[in-house]
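# Coordinates in review
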Amino acid sequence: MRARDKAAVSALRATLAALDNAEAVPVDEAELRGVALEQSPVGVGTTEAARRELSEHGVVDIVRAEAAERLEVAAQLTEPAHADRAVRLRAEAAVLLRFLDGPGAA
């Protein structure tokens, strides 16, 4: 990272965002409708909700999906004008796959 590897930074940021989204608690639409402002809960922590915890297998699945998505898009970019983007997407996928194939991989 110190070498400012743009492909690695981009891949890791996007994957961390995907993991963060997977841990988010779904909002029930019924809770959002019909609650008057004066009936809203008030106080510290009233809007906090515990996030979902992903299993190691769930994390690996998300990282694999992120890598597969990049490889799929790179394969679709066949025009010479998109060659740089395809190379960058393949490099990002390689970074993610290296994390899965490294020591302690599931």
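Residues numbered from 1 in each chain as written. Predicted model: local features only at pLDDT ≥ 70, side-chain atom pairs only at ≥ 80, totals over all residues. Heavy atoms only, no water.

### Considerations on the overall build of the chain
Helix and strand counts for the chain stand at four helices and zero strands. Taken from the N to the C terminus, the helices and strands of the chain come in the order α-α-α-α. Carbon and sulfur atoms provide 55% of the accessible area of the chain, an area that totals close to 8200 Å². (Helix = DSSP H or I, 4+ residues; strand = E, 2+ residues; numbered from the N terminus. Areas by Shrake-Rupley, 256 points an atom, 1.4 Å probe, with all protein chains shown as cover.)

### A look at the packing of helix H1 (residues 6–23) against helix H3 (residues 56–76)
In the contact formed by H1 and H3, the axes pass within 10 Å of each other and the chain directions differ by 130°. When the axis of H1 is compared with that of H3, the two are oblique. Once H1 is placed against H3, the crossing between them reads as right-handed. Residues Ser10, Ala11, Ala14, Thr15, Ala18, Leu19 and Ala22 of H1 pack against Val59, Ile62, Val63, Glu66 and Arg70 of H3. When the residues that make up the contact of H1 with H3 are grouped by side-chain class, the tally is eight nonpolar, two polar and two charged. (Axes fitted to C-alpha atoms, helices over the stretch in contact; angles between N-to-C directions. Parallel < 35°, antiparallel > 145°, perpendicular 65-115°, else oblique. Left-handed = near helix turned anticlockwise from the far one by under 90°. Contact = heavy atoms within 4.5 Å. Nonpolar A, V, L, I, M, F, W, Y, C, P; charged D, E, K, R; others polar.)

### What to know about the environment of Ala24
By the secondary structure assignment, Ala24 is in the loop between H1 and helix H2 (29–32). Taking the C-alpha atoms as reference points, Ala24 and Glu53, 29 residues apart in sequence, are found 9.1 Å from one another. Setting aside residues up to four positions removed in sequence, Ala24 forms contacts with Arg51 and Arg52.

### A closer look at the environment of Gln76
For Gln76, the location among the structural elements is in helix H3. Once the C-alpha coordinates of Gln76 and Ala86 are considered, the two residues, ten residues apart in sequence, prove to be 8.5 Å apart.

### Observations regarding the side chain of Arg70
As for its placement among the helices and strands, Arg70 is situated in helix H3. Looking at Arg70, its side chain comes within polar contact range of the side chain of Glu92, at 2.7 Å. (Polar contact = N/O pair within 3.5 Å; in protein donor to acceptor, adjacent residues only side chain to side chain.)

### Observations regarding the nonpolar core
By size, the foremost hydrophobic cluster in this structure holds eight residues: Ala11, Leu12, Val60, Val63, Ala67, Ala93, Leu96 and Leu100. Elements represented by at least two residues in this core include exactly H1, H3 and helix H4 (83–101). (Core = buried A, V, L, I, M, F, W, Y, C linked by side-chain atoms within 4.5 Å. Buried < 20%, exposed > 50% of the residue type's maximum accessible area, 1.4 Å probe, protein only.)

### Some points on the packing of H3 against H4
The N-to-C vectors of H3 and H4 enclose an angle of 160°; their axes lie 8 Å apart at closest approach. In terms of orientation, H3 lies roughly antiparallel with respect to H4. Two packed elements cross with a definite hand, and for H3 against H4 that hand is left-handed. Listed contacts from H4 to Val60, Val63, Arg64, Glu66, Ala67, Arg70, Leu71, Val73, Ala74 and Ala75 of H3 are Ala86, Leu89, Arg90, Glu92, Ala93, Leu96, Leu97 and Leu100. When grouped by side-chain class, the residues that make up the contact of H3 with H4 number 13 nonpolar, no polar and five charged.

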